[in-house]
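As a plain string of letters, each chain reads:
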Amino acid sequence: MLVTAYLAFVGLLAFCLGLELSRCRAKPPGRACSNPSFLQFQLDFYQVYFLALAADWLQAPYLYKLYQHYHFLEGQIAILYVCGLASTVLFGLVASSLVDWLGRKKSCVLFSLTYSLCCLTKLSQDYFVLLVGRALGGLSTALLFSAFEAWYIHEHVERHDFPAEWIPATFARAAFWNHVLAVVAGVAAEAVASWIGLGPVAPFVAAIPLLALAGALILRNWGENYDRQRAFSRTCAGGLRCLLSDRRVLLLGTIQALFESVIFIFVFLWTPVLDPHGAPLGIVFSSFMAASLLGSSLYRFATSKRYHLQPMHLLSLAVLIVVFSLFMLTFSTSPGQESPAESFIAFLLIELACGLYFPSMSFLRRKVIPETEQAGVLNWFRVPLHLLACLGLLVLHDSDRKTGTRNMFSICSAVMVMALLAVVGLFTVVRHDAELRVPSPTGEPYAPEL
């Protein structure tokens, strides 16, 4: 597994680099923004946001390994993961209101503090302390994916009065570098876990200076901003009305809940499947992130003027790839007949599918869900998503780890088949819907079928 992981990592990076260079050569030269005030503002945001993302990714490869290192049973580790998922969904439901009430700058500083405390709890072997750490991690995750973006958009439009059309370019670049940071973070985690001498807790300790630096930069460079608060009950009620009145929204939410709940279970399972075979966890994680980056690059390539595929096609392909990968895993994890190389390939395919899925789903959500109702609808999406993941982690694992792992992959395969049926249903509903198509590069009338 050691050689396989490094070869896969190098090969995926080379493939990603070749694809990006090819796309850049094919892309017509654009007029880059040269406004010095905007570039400085963008830099002030990026240097903080990227530090926060790097600290988050640095912890991912060794979380399960750390709990295993502390000699907890798999069922106990599953409860820790469930605690993290539950706190993420609970805090995620109120994060927007909390950020608007507290202030975006203060919320970003709070993220740095709570995530640093979360990392410090990993130094303890006390189970209750680790549970508290998972709850803090859920709060931090909710703040990371709400406060930073809200602060940037408000500052961009209200304080600096830059054109709103520049906002997507900022976040598109951030999404690309987020993948790159994840790849680098896996290598860094492997290095600090191997060299510092602290073992699996080393990446968590290494994340604290990054979080402290992010907090210091926020205090020094960022201004405070607030927004008008919309009552949480009104947000949820509006989201529920939108969800029930539009079949497209309901089907999209079903696909998201089924697909992403399986991904959460995959995040829990990949370490116990590969670690017993000597896999370097940091390099394996970087390989996963490189596969996801490759998927994102393929999405941009496929939806470019040259190929002009539609996000609905790529969403369907992503779900099909995950169904195939999970069927592979039900065989490669059979007790007594384990094939770690096949499992690793299946995991890479799942990450590749994620790289196709997330931009496709993001495009379709923007087109289908009204902007004013997106927060409420996404709150309703998160409830079944995390519920399915929690039930999977708590119920599907039996006392025999190997049999339980195989059973979980079998159930996940069935769940993804249901997601595939929902994709077919959505495809049937929207096949004549021009709104859900990427605009034609030639300006010709759209084809009648997706």
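Residues numbered from 1 in each chain as written. Predicted model: local features only at pLDDT ≥ 70, side-chain atom pairs only at ≥ 80, totals over all residues. Heavy atoms only, no water.

A. Focus on the overall build of the protein. Within the protein, the secondary structure is distributed over 16 helices and 0 strands. Put simply, the protein has 450 residues, and 52% of those count as buried. Of all intrachain contacts in the protein linking residues separated by at least 6 positions in sequence, the fraction that spans at least 24 positions is 83%. Carbon and sulfur atoms make up 66% of the accessible area of the protein, which amounts to about 20300 Å² in all. (Helix = DSSP H or I, 4+ residues; strand = E, 2+ residues; numbered from the N terminus. Buried < 20%, exposed > 50% of the residue type's maximum accessible area, 1.4 Å probe, protein only. Contact = heavy atoms within 4.5 Å. Areas by Shrake-Rupley, 256 points an atom, 1.4 Å probe, with all protein chains shown as cover.)

B. Local environment of a nonpolar patch on the surface. Taken together, L2, V3, Y6 and L7 make up a surface patch of nonpolar side chains, about 420 Å² in accessible area. Structurally, L2 is set in helix α1 (residues 2-26). (Patch = residues over 30% accessible without salt bridge, like charges linked within 9 Å, V, L, I, M, F, W, Y side chains within 5 Å. Salt bridge = Lys/Arg side-chain N within 4 Å of Asp/Glu carboxyl O.)

C. Local environment of unusual backbone geometry. In this structure, H71 is a non-glycine residue whose phi angle is positive, near 70°. Checked against the element boundaries, H71 lands in the loop between α3 (63-69) and α4 (74-102). On the basis of relative accessibility, which here comes to 70%, the residue H71 falls in the exposed class. Backbone geometry places D161, a non-glycine residue, at a positive phi of 60°. Here D161 is to be found in the loop between α7 (147-159) and α8 (167-195).

D. Fine view of the pattern of salt bridges. Using the criterion set out here, one finds 4 salt bridges in the structure. In this structure, the salt-bridge partner of E224 is K106, at a minimum N-O distance of 3.2 Å. In this pair, E224 is assigned in the loop between α9 (202-221) and α10 (232-245) and K106 in helix α5 (residues 104-121), connecting sequence segments 118 residues apart. When the shortest N-O distance is used, the salt bridge between R159 and E155 registers 2.6 Å. Of this pair, R159 and E155 both sit in helix α7, 4 residues apart, roughly one helical turn.

E. Here's a closer look at the packing of α5 against α9. One can describe the packing of α5 onto α9 by two numbers: an axis separation of 9 Å at closest approach and a directional angle of 165°. With respect to α9, the axis of α5 lies roughly antiparallel. For the element pair α5 and α9, the recorded crossing hand is left-handed. Contacts between α5 and α9 involve K105, C108, V109, F111, S112, Y115, S116, C119 and L120 from the first element and F204, A207, I208, L211, A214, G215, I218 and L219 from the second. Class assignment of the residues belonging to the contact of α5 with α9 gives a composition of 13 nonpolar, 3 polar and 1 charged. (Axes fitted to C-alpha atoms, helices over the stretch in contact; angles between N-to-C directions. Parallel < 35°, antiparallel > 145°, perpendicular 65-115°, else oblique. Left-handed = near helix turned anticlockwise from the far one by under 90°. Nonpolar A, V, L, I, M, F, W, Y, C, P; charged D, E, K, R; others polar.)

F. Region of the structure containing the side chain of H179. Looking at the secondary structure, you find H179 in helix α8. Among residues more than four places away in sequence, those in contact with H179 are M289, S292, L293 and S296.

G. Spatial organisation of the nonpolar core. Among the nonpolar cores identified, the biggest contains 134 residues, and F148, L274, F288 and F347 are the most heavily contacted of them. Sorting elements by how many residues they give to this core places helix α11 (residues 247-274) first, with 15 residues. Among residues more than four places away in sequence, those in contact with F288 are F266, W270, L274, F344, F347, L348 and E351. (Core = buried A, V, L, I, M, F, W, Y, C linked by side-chain atoms within 4.5 Å.)

H. Highlighting the environment of A188. One can find A188 in helix α8. A188 sits 18 residues away from A206 along the chain, and the two C-alpha atoms are 9.4 Å apart.

I. Geometry of the packing of α5 against helix α6 (residues 127-144). Where α5 contacts α6, the axes come no closer than 8 Å and their chain directions differ by 155°. Looking at the two axes, α5 sits roughly antiparallel to α6. Here the hand of the crossing between α5 and α6 comes out left-handed. When α5 is examined against α6, the residues S107, L110, F111, T114, Y115, L117, C118 and T121 are found in contact with a partner set consisting of V129, L130, G133, L136, G137, L139, S140, L143 and L144. Split into classes, the residues belonging to the contact of α5 with α6 amount to 11 nonpolar, 6 polar and no charged.

J. Fine view of the side chain of Q59. Along the chain, Q59 falls in helix α2 (residues 36-59). The class of Q59 is buried, set by a relative accessible area of 6%. Here A55 takes part through its backbone oxygen, which lies 2.9 Å from a polar atom of the side chain of Q59. Once residues lying within four places of it in the same chain are set aside, the contact partners of Q59 are Y115, C119, F204 and A207. (Polar contact = N/O pair within 3.5 Å; in protein donor to acceptor, adjacent residues only side chain to side chain.)

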